[in-house]
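Residue-level structure breakdown
Residue strings, one per chain:
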Protein chains: 2
Amino acid sequence: MTKEVIPRKTVYRLSLYHRILQRLAANKVMTVSSSALAKVAGVKPTQLRKDLAYCGQMGTRGLGYSVPTLVTRLDEALGTSSLQPVAMVGVGDLGSALLKYQGFAREGFEIVMAFDVDPGSRAAHSGVVRVLPMKSMRGEIERLAVKMAILTVPATHAQAVANLLVDAGIQAILNFAPIILQVPEPVVVNNVDLALELENLSFFIR
Amino acid sequence: MTKEVIPRKTVYRLSLYHRILQRLAANKVMTVSSSALAKVAGVKPTQLRKDLAYCGQMGTRGLGYSVPTLVTRLDEALGTSSLQPVAMVGVGDLGSALLKYQGFAREGFEIVMAFDVDPGSRAAHSGVVRVLPMKSMRGEIERLAVKMAILTVPATHAQAVANLLVDAGIQAILNFAPIILQVPEPVVVNNVDLALELENLSFFIR
């Protein structure tokens, strides 16, 4: 199996199954049926079986899946068995909230450095990570070979900062600025656009 | 045109075009070609034209689209011409950051009420919105006929709170808790799962 053959949307669902299975394992549940797992994940059982086939897991008819085995297979497929260092750029309200957010560490991501145009005024809000000036960004990212960044700067600065991140060797950006970033291949951008999510919802309640 | 016929993913893209066009209008740009608009939005021109046909906009060959007309049509299609009230539940680190986030108001959403299990300790972080106890939630939501909610409570409480929101008349939930909520039709849930986004990205940088 090579990672390139797994479609991007399948990767999302595999992450979701991974998290659910970790909870089952924590609760000492050793096997799970495809229908039960599919229900919790909000997908059809046929979809689940198709997705899990990407990590070579077929399940055993009548017995379902072994939870520990499936967790291991998903760890391997998703590359989540080691802690991934992340750089954060922009420590405003949203950035400082994300620095304190426990969910990243739980899933294997550690924000190891943070940058801001005004590092002094942000220090109080940053918790344990020191906030550094933008001019230190490239050097620090290169020094620790960080490959992932969270971008929480204003929309007007997002593209310029993204260019700097790409130059520094960042390969994946989680972008919270409400613009579409232009990045060269093979850099990957995922967008979290909160206002767009609300706008999408509002369409369905009129 | 009835709103039901627009696919959910198209609605996302229409929101995105809407935002880009609003910026163009603010900069006094009166017309835009489909290829230019498509490039900024990160979609193919054929996709853009297909999407805009849902609001009856075909453009004029050689002249492109009228920006003000298109903004108006998208306002109508998306229902964004009036301010939409939103209730927030869970005023922890993420919730309080979102309360301060300017992007919602800019896109027509106003967080008019916030609830927390410990409203007293959250008051300092909530800005202008008063944080109320959970027992006031149903009454307040019904009183102001609020239809949208942002859910930023821990995963362990998210489903129980979602049930209460649905009972109170909420029709659309923006869920930040890392679980799949089970809600009755026709309630709509959009999920923003930050750790899942990072996990998805990490797959592509191994």
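**Overview of the sheet that holds strand E7 (residues 172–175) of chain A**
Read across the sheet, six strands follow the order E5-E4-E3-E6-E7-E8 (chain A) without closing on themselves; strand pairing throughout is parallel. The sheet terminates laterally at strand E5 (131–133) and strand E8 (188–191) of chain A, the two strands that pair on one side only. In this sheet, adjacent strand axes meet at a mean angle of 25° when their direction is disregarded. The strands touched by helix H5 (residues 93–100) of chain A within the sheet are strand E3 (84–89), strand E4 (109–116) and strand E6 (148–151) of chain A, with E3 of chain A carrying the most contacts at an inclination of about 160°. Docked against the sheet, helix H10 (residues 194–203) of chain B engages E3, E4, E6, E7 and E8 of chain A, running at close to 160° with respect to E7 of chain A.

**With respect to the interface of chain B and chain A**
The partner chain A presents 47 residues to the 46 residues of chain B that form the contact. Counting only elements with at least two residues in the side of chain B that touches chain A, the list comes to helix H1 (8–26), helix H2 (34–41), helix H5 (93–100), helix H6 (103–106), strand E7 (172–175), strand E8 (188–191) and H10 of chain B. At ten residues, H10 of chain B tops the list of elements feeding residues into the side of chain B that touches chain A. Classifying every residue of the side of chain B that touches chain A by side-chain character gives 26 nonpolar, ten polar and ten charged.

**Quick look at the environment of Val5 of chain A**
Residues and elements named next belong to chain A. The residue Val5 is located in the segment before helix H1 (8–26) in this model. Val5 sits in the exposed class, given 8 other C-beta atoms within 10 Å. In sequence terms Val5 and Gly92 are 87 residues apart; their C-alpha atoms lie 38 Å from each other.

**With respect to the domain arrangement of chain A**
Partitioning chain A into domains gives domain 1 (3–78) and domain 2 (84–197). Put simply, the middle of domain 1 of chain A and the middle of domain 2 of chain A, counted by C-alpha atoms, are 30 Å apart.

**Remarks on the relation of the copies chain B and chain A**
Taken as rigid bodies, chain B and chain A are interconverted by a rotation of 180° and an axial shift of 0.0 Å, the fit giving an RMSD of 0.0 Å. Such a combination of rotation and displacement between the chain copies is what one expects of a two-fold axis. Considering only C-alpha atoms, the part of chain B nearest the rotation axis is Ala97 of chain B, at 3.0 Å.

**Let's talk about the confidence of the model for chain A**
Put simply, chain A has an average pLDDT of 86, and 92% of its residues get 70 or more. Here the complex is predicted with pTM 0.75, and the ipTM for its interfaces comes to 0.71.

**Things to note about the environment of Glu185 of chain A**
Residue and element names in this part refer to chain A. Mapped onto the elements, Glu185 comes out in the loop between E7 and E8. The class of Glu185 is exposed, set by 5 C-beta atoms lying within 10 Å. Sequence separation between Glu185 and His157 is 28 residues, and the spatial gap between their C-alpha atoms is 21 Å.

**A word on the nonpolar core**
With 76 residues, the main nonpolar core has Leu151 of chain A together with Leu151 of chain B as its most contacted residues. When residues no more than four places from it in sequence are discounted, the contact partners of Leu151 of chain B are Val89, Gly90, Ala158, Val161, Ala162, Ile173, Leu174, Asn175, Phe176 and Ala177 of chain B.

**Some details on the sheet that holds E8 of chain B**
The parallel open sheet is built from six strands, whose spatial order is E5-E4-E3-E6-E7-E8 (chain B). Among the strands making up the open sheet, the edge pair consists of strand E5 (131–133) and E8 of chain B. Between one strand axis and the next, the sheet turns by 25° as a mean value, whatever way the strands run. By the bridge criterion, four bridges tie strand E6 (residues 148–151) of chain B to E7 of chain B in an arrangement that is parallel. Bridging from a neighbouring strand, Ile150 of chain B pairs with Leu174 of chain B of E7 of chain B. Where helix H10 (residues 194–205) of chain A meets the sheet, it contacts strand E3 (84–89), strand E4 (109–116), E6, E7 and E8 of chain B, and its direction lies at approximately 160° from that of E7 of chain B. Here H5 of chain B sits on the sheet and contacts E3, E4 and E6 of chain B; the angle it forms with E3 of chain B, its principal contact strand, is near 160°.

**Describing the pairing of E6 of chain B**
All names here are of chain B. Of the two faces of E6, the one holding Met148 and Ile150 and the one holding Ala149 and Leu151 are both buried throughout. Sheet topology places E3 next to E6; four bridges connect them, and they run parallel. The partner of Val89 across the bridge, within E6, is Leu151. For the crossover from E6 across helix H9 (residues 155–167) to E7, the handedness is right-handed.

**Notes on unusual backbone geometry**
A negative phi angle characterises most non-glycine residues, just as the trans form characterises most peptide bonds. In this chain, Glu185 of chain A is followed by Pro186 of chain A through a cis amide linkage whose omega measures 0°. Looking at the element boundaries, Pro186 of chain A is found in the loop between E7 and E8. Backbone geometry at Lys28 of chain A places phi at a positive 65°, although glycine is not the residue there. Within the secondary structure, Lys28 of chain A is located in the loop between H1 and strand E1 (31–32). Accessibility expressed as a C-beta count within 10 Å gives 7 for Lys28 of chain A, which makes it exposed. Of note, Ala145 of chain B is a non-glycine position whose phi angle comes to about 50°, a positive value. As for its position among the elements, Ala145 of chain B is in the loop between helix H8 (137–143) and E6.

Conventions adopted
Position labels on residues start from 1 in each chain and follow its written sequence. Chains and ligands are labelled sequentially in the order written, the chains with letters from A and the ligands with numbers from 1. Only residues with pLDDT of at least 70 are given local features in this predicted model, and only at 80 or more are side-chain atom pairs given and counted; all residues enter the totals for whole chains, interfaces and linings. Any two strands with at least two DSSP bridges between them are considered paired. Here a helix means four or more residues in a row that DSSP labels H or I, a strand means two or more in a row labelled E, and each is numbered from the N terminus. Fitting a line to C-alpha atoms yields each axis, with helices limited to the stretch in contact; the angle taken between N-to-C directions then spans 0 to 180 degrees. This entry defines residue contacts through backbone-placed C-beta atoms, with two residues in contact when those atoms are within 7 Å. Residue polarity follows a fixed list, in which Ala, Val, Leu, Ile, Met, Phe, Trp, Tyr, Cys and Pro are nonpolar, Asp, Glu, Lys and Arg are charged, and the others, Gly among them, are polar. Note on burial: count the other C-beta atoms lying within 10 Å of the residue's C-beta; 20 or more is buried, 12 or fewer is exposed, in between is partly exposed, and C-beta positions come from the backbone. Domain extents, as shown, originate in an automatic or database domain assignment. We superpose the copies by least squares over the C-alpha atoms of residues that have a pLDDT of at least 70 in both of them. Along the chain, pLDDT gives the predictor's confidence residue by residue, from 0 to 100. The nonpolar core is taken to be a set of buried Ala, Val, Leu, Ile, Met, Phe, Trp, Tyr and Cys residues joined by way of C-beta atoms within 7 Å. Classification remark: right-handed applies to a crossover when, strands pointing away from the viewer, the course from the first strand over the helix to the second runs clockwise.

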